[in-house]
Structure formats: structure tokens, C-alpha cells
Amino acid sequence: MSIEKTSTPPGDAAPEPSAATTATAVNPEAAPGAGVAVDPRLLVREQGLAGYVGEFKRKMKAGDLGSMPVVVGLIVIWIIFQSLNSNFLTAGNLSDISVAMVGTGMIAVGIVFVLLLGEIDLSVGSLSGVAGATFAVLNITNGMNEVLAFVLAILTGTVAGAIQGFFFAKIGVPAFAVTLAGLLFWNGLMLKVLGDNGTINLNSDGLVANLTSYYFSDVAAAYGLAAVVTVLFFVSSFLGNKRRDAAGVPSKPLSEIVLRTVLLGLVSFAVAIVFNQYKGLPLAVVIFVAVLFVTDFVLRRTAYGRKVFALGGSVEASRRAGINVDLVRISVFAISGTFAALGGLFIASKIASANQGAGGGDLLMNAIAAAVIGGTSLFGGRGRTWNALLGVLVIVSIQYGLALQGIPSPVQYMITGGVLLATVVIDAVTRKTQKSAGRA
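Please read these numbers as outputs of a predicted model, since none were measured by experiment. (Residues numbered from 1 in each chain as written. Predicted model: local features only at pLDDT ≥ 70, side-chain atom pairs only at ≥ 80, totals over all residues. Heavy atoms only, no water.)

A look at the packing of helix 11 (residues 283–301) against helix 12 (residues 303–313)
Phase 1: Look at helix 11 against helix 12: their axes get within 5 Å of each other, and the N-to-C directions meet at 70°. The angle between the axes of helix 11 and helix 12 places the two elements in the roughly perpendicular class. Seen from helix 11, the contacting residues are Val298, Leu299 and Arg301; seen from helix 12, they are Tyr304, Gly305, Arg306, Val308 and Phe309.
Phase 2: Its residues assigned to classes, the contact of helix 11 with helix 12 shows 5 nonpolar, 1 polar and 2 charged. (Axes fitted to C-alpha atoms, helices over the stretch in contact; angles between N-to-C directions. Helix = DSSP H or I, 4+ residues; strand = E, 2+ residues; numbered from the N terminus. Parallel < 35°, antiparallel > 145°, perpendicular 65-115°, else oblique. Contact = heavy atoms within 4.5 Å. Nonpolar A, V, L, I, M, F, W, Y, C, P; charged D, E, K, R; others polar.)

Structure below.
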């Protein structure tokens, strides 16, 4: 990955180029007579609708598909299952899907951070089980305060992830080997913590149980969240444009921001209507959306996030740029462990217990698949935490749709595996296409 630096001369930023200046972005330090570089983004926006159509075709040819394949795939999945069973798109089923996806989705958020480095974490399933078992033993068996037990359960994932990150970053053990050993070790620890009984039921009115069972029944809650999400998107986009204008770099026209905001608002309020037709707004969804906003901000708007992306592009270039590679690596695995623990508590909430089967089955593969299906590259350096939302929505939609049809679990595994393989193939082909187009 190459890092390009552009310098802006002191003083006021240059005004936005117009059609009269042919939308050229000129380097003020260039020698007289030098060629003028035309920024294609400026040309696209000045050409109106035709410009955007041409830009879309160019991105398709260059393999710059973004989230479009998964969105189209999700729509197709919903259409197919609705045609097979009219109960699939009912408010109750969609609400259940939204709550069921949060546990795996939380784990997938942590996986996104690891995948951005071009690495993998195979221990997240076991760590999720350890967190659930830790909370149950501390709170139910030993009577510890719920909040304190909850925090300590989360910290078990953080510490475990940091330990694995240490072996990877400082000792040089491959992440695959370290986390594979962690998968076995933490699973054994979970069984030890649970003891001979093997199952500890949670308090049905307790903190963890309410994570997935509590709903905001007031219709204003769902509509309020939809409004907040829409407004935050507009404000973030508008302020981002202001910063780009001040720096003298191309920015989106206000009309485009308004259009994107309107589309997001329509989707958000449609979801709110669905929730209000059932039990109301699920607490689990509120927490998940908040986590996605915060983690996306960290990755895209902070120096730490830029360091994570830089490592995914080139470790050596990052080291030469002065980035503390070992510290970033350890922190990323600590983040992965933290979200694995948080996801484990949501899963424990869903089944109202901590048992020996927690963290097993297809949980690990579903979490990794959710991140990859959503658009995070297995090769590192490309992805967003919002990819976890799209990916897990696809995974859980398939599971619920097949369950409604009475399809047995072995076939569900096969279909999910096929979807994951197709996604990885698309990712690999896209990467090759981008390389040939000079965009990778």
C-alpha cells in the first residue's frame, strides 16, 4: 500500500472548482506548463445523472462493488423465502431475526478489526462461552452484583484477547496457531468454570436476561431512534464535507447528501414501523446500532483507525511511518476478545443460561462469515464494522428462512458454507480486478 501526501499552501482554501474551470484540481506548486490533473469525482458531479451512471459503470469494471452485492443478495433471499412462506416477512419474524443476530453480530464486529490486519481469530467462539460462564458463576452461583459480574465477564475477553495478541505480536507466533490454541484452551476453561453441573440458568429478570428480552413498547422509541440515526448521518456527512472544503479537496454536493439522507430515513422509519407492529423497539438492536456507530467512528475518524488500516495494507510501510505495530496488533486482538465476550453475553441472554455448548457449533464460522459476507476483505485493509450488520443479517435470514421450511441443520450448514464460499470467491475476484485496474 502506498501512502500519498498532499500539501496545501497556507492561507484560505481555494474555492470549489466550477464547470467554467473544467473542474480541474491543480497543484499550486507545479511548474509552469505542467499537465493539469483532473479529479474524476469533480467531473462526475458536474455531469449530473449521466456522470453518476458513468461512474457506476467504471466502478463495476474496476471491481469496486462496495456493499451492493450483499444488499442485492439479501433482497433476493427475502423474496425467495417470502414466496415459500408468507410468514417470513411478518413483523414478528423480522423482529426475532433482528434480536437473534445481535450476539453473532457483536462477535463479527471484533472479527472485522482482526480481518483488517489480514489476520484471523479462531478463539472468539470459545471466548464468548467463557464470558457467559464467568457471569453466571459470579452472579448466580456466588451472588456477586450483576453490574460488576457483567464488567468482569467482558474483561475476561479483553485480557484473553490481549494475551493472544502478545504471542502474535511479540513472540511472532502466527495468529492462526495462537487463536487455534486459544479455541481449545478457553473452551476447556469454560467447562472448568461451569463445573460438573454444566448448566447455570440466569435470572429471568436480571441484567443479562433483559439484553434480548426487553422491548421499548412506546412507539416513539423506534421512531426516535430512526430519526436520530438519520440526523446523525446527515450531520456527519455535512461536517465531513465542510472539512474537505476547508482542506481544498473534492466533496459531495449538498444534493447528494440530502438524497442519501432521505434514502436512509426511509429505510430507518420502515424498520421502526415493523418493530412497532410487534413488541416495540428491542433493546438489543439499540445497543448493536450504538456499537456500530462508535466502532465505525473509531476506524474511520481517529488516528488509531488509520493505523489499523495501514497495517492491513503494509506492515513494513507502517513500521517505517512510525506506527507501533506490536501495540496496534495486541490492541486489535484485545478488541476482538472484548466483542467476543459481549456477544457471548447476548447469546447467554437469548437462551437464558450458560451451558457447556456455548460458543460451539457453527458460531465461530457464522461470525467470520458475517464479517466476510458483509464486505470485509480476508486479505486485509478493506472493510467497515457496518459490514458485520449486513453479513449477520444475511446469515440469520437464511437460518430463519430454512427453519420455517423445516430444513434440517446439516443442510443449513451446507447452504451457509456455500454462501460463504461464494462471498470469498467474489472477494478474491474483486481484488484481482482492482489490481488489474490499478486500484488495489
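A few points about the layout of surface pockets
Phase 1: The calculated volume of the second largest pocket comes to roughly 580 Å³.
Phase 2: Breaking the lining of the second largest pocket down by element, the ones donating at least two residues are helix 4 (91–116), helix 14 (325–351), helix 15 (363–373), helix 16 (386–404) and helix 17 (409–436).
Phase 3: Considering each element in turn, the lining of the second largest pocket owes the most residues, 5 residues, to helix 16. (1 Å grid on protein atoms, 1.4 Å probe; cavity = no way out; pocket = protein on both sides within 12 Å on 5 of 7 lines; lining within 4 Å. Points joined across faces, edges and corners; volume = space filled by probe spheres on them.)

Here's the deal with a positive patch on the surface
Phase 1: A surface patch of positive charge is lined by Arg243, Arg244, Lys252 and Arg301.
Phase 2: Assignment of secondary structure puts Lys252 in the loop between helix 9 (219–247) and helix 10 (254–276).
Phase 3: You can call Lys252 partly exposed: its relative accessible area is 34%. (Patch = residues over 30% accessible without salt bridge, like charges linked within 9 Å, V, L, I, M, F, W, Y side chains within 5 Å. Areas by Shrake-Rupley, 256 points an atom, 1.4 Å probe, with all protein chains shown as cover. Salt bridge = Lys/Arg side-chain N within 4 Å of Asp/Glu carboxyl O. Lys, Arg positive; Asp, Glu negative; His and termini not counted. Charge placed at Lys NZ, Arg CZ, Asp CG, Glu CD. Buried < 20%, exposed > 50% of the residue type's maximum accessible area, 1.4 Å probe, protein only.)

A short note on the pattern of salt bridges
Phase 1: For the coordinates displayed, the defined rule picks out 6 salt bridges.
Phase 2: Two residues, Glu256 and Arg260, come together in a salt bridge whose shortest N-O distance is 3.2 Å. In this pair, Glu256 and Arg260 both sit in helix 10, 4 residues apart, roughly one turn of the helix.
Phase 3: Taking the relative accessible area as the measure of exposure, Glu256 reaches 10% and is therefore buried.
Phase 4: Notably, a salt bridge pairs Arg384 with Asp296, separated by 3.1 Å at the nearest N-O pair. Here Asp296 lies in helix 11 and Arg384 lies in the loop between helix 15 and helix 16, a separation of 88 residues in the sequence.
Phase 5: Residues joined in a network through salt bridges with shared partners are Asp296, Arg300 and Arg384.

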